[in-house]
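# Descriptive analysis of the structure
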Amino acid sequence: MRDSVFLALGACIALAIQIIFAPAVSILGSMPNFLVVFVGVASMFRDASVVTAFFLGMAFDLVASGTPGVMSCLLTVAAFVSARASVILGNDTLSVSLLISMVASLFVEVCYALFYVATTDVTMFDAILLRGLPCALYDCAVCLIVMPLLSAAFARQAPRRSAPESSTIRLR
């Protein structure tokens, strides 16, 4: 119960920061997506993060001018894949956690740009190179700053998930 309250509170804070703070720190039209960073980190430590990712994405789609369901789907997939990658690769080191979160943000931003290309008359160059990749790099920069703080907060709340013994890869 306490974990769910902590996760919901963190999600609400991430959504508020996204709505209030992200437009203010926009650089050349690129805005960080704090929801992607939060979902990337939370999915490595909490099982309920997939549900949280769905609702965060839906709230983002309803508040922003995007098509409802797109960010929700992308965040849900990113949370699921991040959680599985965290179990397989382990999240014992900050570098592995950062790598997983950064790949998740790159996935979300590029797929969102591709959806934008498919539904509007924007060119692939404009969407991917001028919006998707700069936003993903911005997300990665935010992740470098926020990841140690969030991982410490999540680690204090509950022990880290680890891979089951049967799926652990051992080098001989």
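Please refer to the structure placed before this passage.
Residues numbered from 1 in each chain as written. Predicted model: local features only at pLDDT ≥ 70, side-chain atom pairs only at ≥ 80, totals over all residues. Heavy atoms only, no water.

## Some points on the layout of surface pockets
Considered as a void within the structure, the largest pocket measures approximately 410 Å³ in volume. Surrounding the largest pocket, 20 residues form its lining, Phe 60, Ala 64, Ser 65, Tyr 112 and Arg 131 being those nearest its centre. Mapped by element, the contributors of at least two residues to the lining of the largest pocket are α5 (94-119) and α6 (124-157). Per-element accounting of the lining of the largest pocket gives the leading share, five residues, to α5. Partitioning the lining of the largest pocket into residue classes produces nine nonpolar, nine polar and two charged. As for the second largest pocket, its lining consists of 13 residues, and the residues nearest its centre are Gly 10, Ile 13, Ala 14, Phe 38 and Leu 150. Sorting the residues of the lining of the second largest pocket by element identifies α1 (2-20), α2 (34-42) and α6 as the ones contributing at least two each. Per element, the largest residue contribution to the lining of the second largest pocket is six residues, and it comes from α1. Here the lining of the second largest pocket is built from residues that sort into twelve nonpolar, one polar and no charged. (1 Å grid on protein atoms, 1.4 Å probe; cavity = no way out; pocket = protein on both sides within 12 Å on 5 of 7 lines; lining within 4 Å. Points joined across faces, edges and corners; volume = space filled by probe spheres on them. Helix = DSSP H or I, 4+ residues; strand = E, 2+ residues; numbered from the N terminus. Nonpolar A, V, L, I, M, F, W, Y, C, P; charged D, E, K, R; others polar.)

## A closer look at α5
Because each turn of an α-helix spans 3.6 residues, side chains separated by three or four positions in sequence point in the same direction. Along its 26 residues, α5 runs 38 Å from first to last C-alpha, staying within 8% of the 38 Å computed at 1.5 Å per residue. Buried within α5 are the following residues: Ser 97, Leu 98, Ile 100, Ser 101, Ala 104, Ser 105, Val 108, Glu 109, Tyr 112, Ala 113 and Val 117. (Expected span 1.5 Å × (residues − 1). Buried < 20%, exposed > 50% of the residue type's maximum accessible area, 1.4 Å probe, protein only.)

## Observations concerning α2
For α2, the tally of buried residues reaches nine of nine residues, placing the bulk of the element in the interior. Every buried residue of α2 is accounted for by Phe 34, Leu 35, Val 36, Val 37, Phe 38, Val 39, Gly 40, Val 41 and Ala 42. Sitting at the head of α2, Asn 33 places a side-chain oxygen 3.1 Å from the backbone nitrogen of Leu 35. (Polar contact = N/O pair within 3.5 Å; in protein donor to acceptor, adjacent residues only side chain to side chain.)

## Things to note about the pattern of salt bridges
Enumeration according to the criterion identifies one salt bridge in this entry. Taking the shortest distance from any N to any O, the salt bridge between Arg 131 and Glu 109 comes out at 2.8 Å. You can see Arg 131 sitting in helix α6 and its partner Glu 109 sitting in helix α5, a full 22 residues away along the chain. Residue Glu 109 is classed as buried on the basis of its relative accessible area, which comes to 2%. (Salt bridge = Lys/Arg side-chain N within 4 Å of Asp/Glu carboxyl O.)

## So, a nonpolar patch on the surface
A contiguous nonpolar surface patch, about 660 Å² in accessible area, is contributed by Leu 9, Ile 13, Ile 17, Ile 19, Ile 20, Phe 21 and Val 63. Sorting elements by how many residues they give to the nonpolar patch places α1 first, with five residues. Tracing the backbone shows Ile 13 in helix α1. Judged by relative accessible area, which is 46%, Ile 13 ranks as partly exposed. (Patch = residues over 30% accessible without salt bridge, like charges linked within 9 Å, V, L, I, M, F, W, Y side chains within 5 Å. Areas by Shrake-Rupley, 256 points an atom, 1.4 Å probe, with all protein chains shown as cover.)

## Brief notes about the side chain of Gln 18
Positionally, Gln 18 belongs in helix α1. Among the polar contacts listed, one links the side chain of Gln 18 to the backbone oxygen of Pro 32, at a separation of 3.3 Å. Setting aside residues no more than four positions away along its own chain, Gln 18 makes contact with Pro 23, Met 31, Pro 32, Asn 33, Phe 34, Leu 35 and Phe 60. (Contact = heavy atoms within 4.5 Å.)

## Side note on the packing of helix α3 (residues 49-63) against helix α4 (residues 70-89)
Between α3 and α4, the shortest axis-to-axis distance is 7 Å and the interhelical angle comes to 155°. One element, α3, and the other, α4, form an angle in the roughly antiparallel class. The crossing of α3 and α4 is right-handed. Taking contact as the criterion, the partners of Ser 49, Val 50, Ala 53, Phe 54, Leu 56, Gly 57, Met 58, Phe 60 and Asp 61 in α3 are, on α4, Val 70, Met 71, Ser 72, Leu 75, Thr 76, Ala 79 and Phe 80. Here the residues of the contact of α3 with α4 are counted per class, giving eleven nonpolar, four polar and one charged. (Axes fitted to C-alpha atoms, helices over the stretch in contact; angles between N-to-C directions. Parallel < 35°, antiparallel > 145°, perpendicular 65-115°, else oblique. Left-handed = near helix turned anticlockwise from the far one by under 90°.)

Fair warning: the whole summary comes from geometry, so function is off the table for now.
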